[in-house]
Amino acid sequence: MGKLDNKVAVVSGAARGQGRSHAVNLAAAGASIIALDICADLEGNTYPLARPEDLEETARLVEKEGVRAHPVIVDVGERSAVRSAVAEGVQALGRLDIVVANAGIAAMGTGQTLRSWSDTIDTDLVGVFNVIQAGLPYLEAGASIIATGSLAAQLGSSTKQGPGGSAYSFAKQVVAHYVNDLANQLAKQSIRINAVHPTNVNTAMLHNEGMYRVFRPDLTSPTREDAEAAFPAMQAMPIPYIEPQDVSDLVVFLAGDESRYITGSQLRVDAGGFVKAVPWGK
């Protein structure tokens with residue numbers, strides 16, 4: 001028996017990275033999964049995104065856990081399309097209990113344009129709004145919403161990192177505010193919403209040339225090895241990054257009844273990155 005048996009979760013950005021990890025871990029706890037992903041590149045992003053076969057693999061891994069998967073290719077920035085995708089998933093799987101608004105990009109390094117700002121806002125901010133608001137009509141008492149934030153955003157704006165980096169910080173900060181204020185409204189219906197704020201995570205969002213340049217601006221063409229020498233500067237603990245599983249463990253906890261009185265929280269999975277950077281009381 002799993003603690004999420006007979007429940008249904010929608011997870012955005014589910015084709016790979018943190019999204020896939022969340023989907024598979026929720027499935028292992030008993031939840032069937034509506035898996036959303038764009039499965040295509042965005043003009044303003046600076047590294048390749050997932051492909052349809054990645055989403056198919058997520059669905060296969062979910063079903064391997066003995067539950068159902070309903071994958072849908074959709075751009076989270078398109079409100080009507082997201083509403084249709086969630087409605088389709090609910091019709092197929094019968095209900096909705098958990099919303100994980102996880103899809104995100106981080107357009108860093110060379111090649112950024114104003115489109116990088118727009119695509120980041122549409123994905124990391126508008127996409128969170130769209131996924132959560134598409135799910136709200138189906139949620140009942142006991143439901144849980146989890147939004148993916150970022151330690152980097154909690155540390156302040158990244159105006160020096162170009163339009164993509166600036167938009168990333170702005171979007172994640174507004175997501176945190178959105179979670180805080182929406183929690184008050186949802187509490188009346190005993191529906192919870194929380195934000196998780198990871199530090200560097202071992203995914204394609206971190207492992208690309210643009211991000212390597214952020215951590216090693218002293219080098220013209222930094223390699224992964226070069227960047228990994230600098231990654232630990234983000235954390236108080238002596239590690240370069242955390243794994244998607246480290247975030248998924250928190251997501252599964254927030255989805256279940258053990259966290260039934262936790263709402264409006266900003267929960268960091270950051271290896272001490274925040275306390276390292278921000279003095280007490282700031």
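Refer to the structure above for everything that follows.
The following refers to the structure shown. (Residues numbered from 1 in each chain as written. Predicted model: local features only at pLDDT ≥ 70, side-chain atom pairs only at ≥ 80, totals over all residues. Heavy atoms only, no water.)

**With respect to the environment of A147**
- Structurally, A147 is set in strand 5 (residues 144–148).
- Separated by 135 residues in the primary sequence, A147 and S12 place their C-alpha atoms 10.0 Å from one another.
- Not counting chain neighbours up to four residues away, the residues in contact with A147 comprise A101, V128, V175, V179, N194, A195 and V196. (Helix = DSSP H or I, 4+ residues; strand = E, 2+ residues; numbered from the N terminus. Contact = heavy atoms within 4.5 Å.)

**Looking at helix 2 (residues 52–64)**
- Counted at 1.5 Å a residue, the expected span for helix 2 with its 13 residues is 18 Å, and the 18 Å between its end C-alpha atoms agrees.
- Of all the residues in helix 2, the buried ones are L55, T58, A59 and V62. Buried residues of helix 2, seen end-on, are gathered within an arc of 100° and therefore sit on one face of the element. Summarising the geometry of helix 2, the exposed residues directed more than 90 degrees from the buried face are E56 and K64.
- Looking one or two residues past helix 2, G66 carries a phi angle of roughly 90°, positive in sign. (Expected span 1.5 Å × (residues − 1). Buried < 20%, exposed > 50% of the residue type's maximum accessible area, 1.4 Å probe, protein only. Arc of directions from axis to C-beta.)

**As for the packing of helix 1 (residues 17–28) against helix 9 (residues 244–255)**
- Where helix 1 meets helix 9, the closest approach of the two axes is 9 Å, and the angle between their N-to-C directions is 45°. Judged by the angle between their axes, helix 1 and helix 9 are oblique. In the packing of helix 1 onto helix 9, the handedness of the crossing is right-handed. Contacts between helix 1 and helix 9 involve G17, Q18, S21, H22, N25 and L26 from the former and P244, Q245, V247, S248, V251, V252 and A255 from the latter.
- Looking at side-chain class alone, the contact of helix 1 with helix 9 contains 6 nonpolar, 7 polar and no charged residues. (Axes fitted to C-alpha atoms, helices over the stretch in contact; angles between N-to-C directions. Parallel < 35°, antiparallel > 145°, perpendicular 65-115°, else oblique. Left-handed = near helix turned anticlockwise from the far one by under 90°. Nonpolar A, V, L, I, M, F, W, Y, C, P; charged D, E, K, R; others polar.)

**Some remarks on a nonpolar patch on the surface**
- Side chains of L114, W117 and F170 sit close together on the surface and give an oily, nonpolar patch of about 330 Å² of accessible area.
- For W117, the location among the structural elements is in helix 4 (residues 114–135). (Patch = residues over 30% accessible without salt bridge, like charges linked within 9 Å, V, L, I, M, F, W, Y side chains within 5 Å. Areas by Shrake-Rupley, 256 points an atom, 1.4 Å probe, with all protein chains shown as cover. Salt bridge = Lys/Arg side-chain N within 4 Å of Asp/Glu carboxyl O.)

**Observations regarding the packing of helix 4 against helix 6 (residues 162–187)**
- Between helix 4 and helix 6, the shortest axis-to-axis distance is 7 Å and the interhelical angle comes to 20°. By the angle class used here, helix 4 and helix 6 are roughly parallel. Crossing angle aside, the handedness with which helix 4 passes helix 6 is right-handed. Within the contact between the two elements, helix 4 uses L114, S116, W117, T120, I121, D124, L125, V128, F129, I132 and Q133 and helix 6 uses P163, G164, S166, A167, Y168, F170, A171, K172, V174, V175, Y178 and L182.

**Observations concerning the packing of aromatic side chains**
- Scanning the model with the defined rule gives 5 aromatic pairs in all.
- Seen from their ring centres, F215 and F231 are 4.8 Å apart, and the 90° between their planes marks the pair as edge-to-face. On the criterion of sequence distance, the pair formed by F215 in helix 7 (residues 209–215) and F231 in the loop between helix 8 (224–230) and helix 9 is long-range, its members being 16 residues apart.
- With a relative accessible area of 18%, F215 lands in the buried category.
- Among the aromatic side chains, those forming a connected cluster through ring pairs are Y212, F215, F231 and Y241. (Phe/Tyr/Trp six-rings, centres within 6.5 Å; stacked < 30°, edge-to-face > 60°.)

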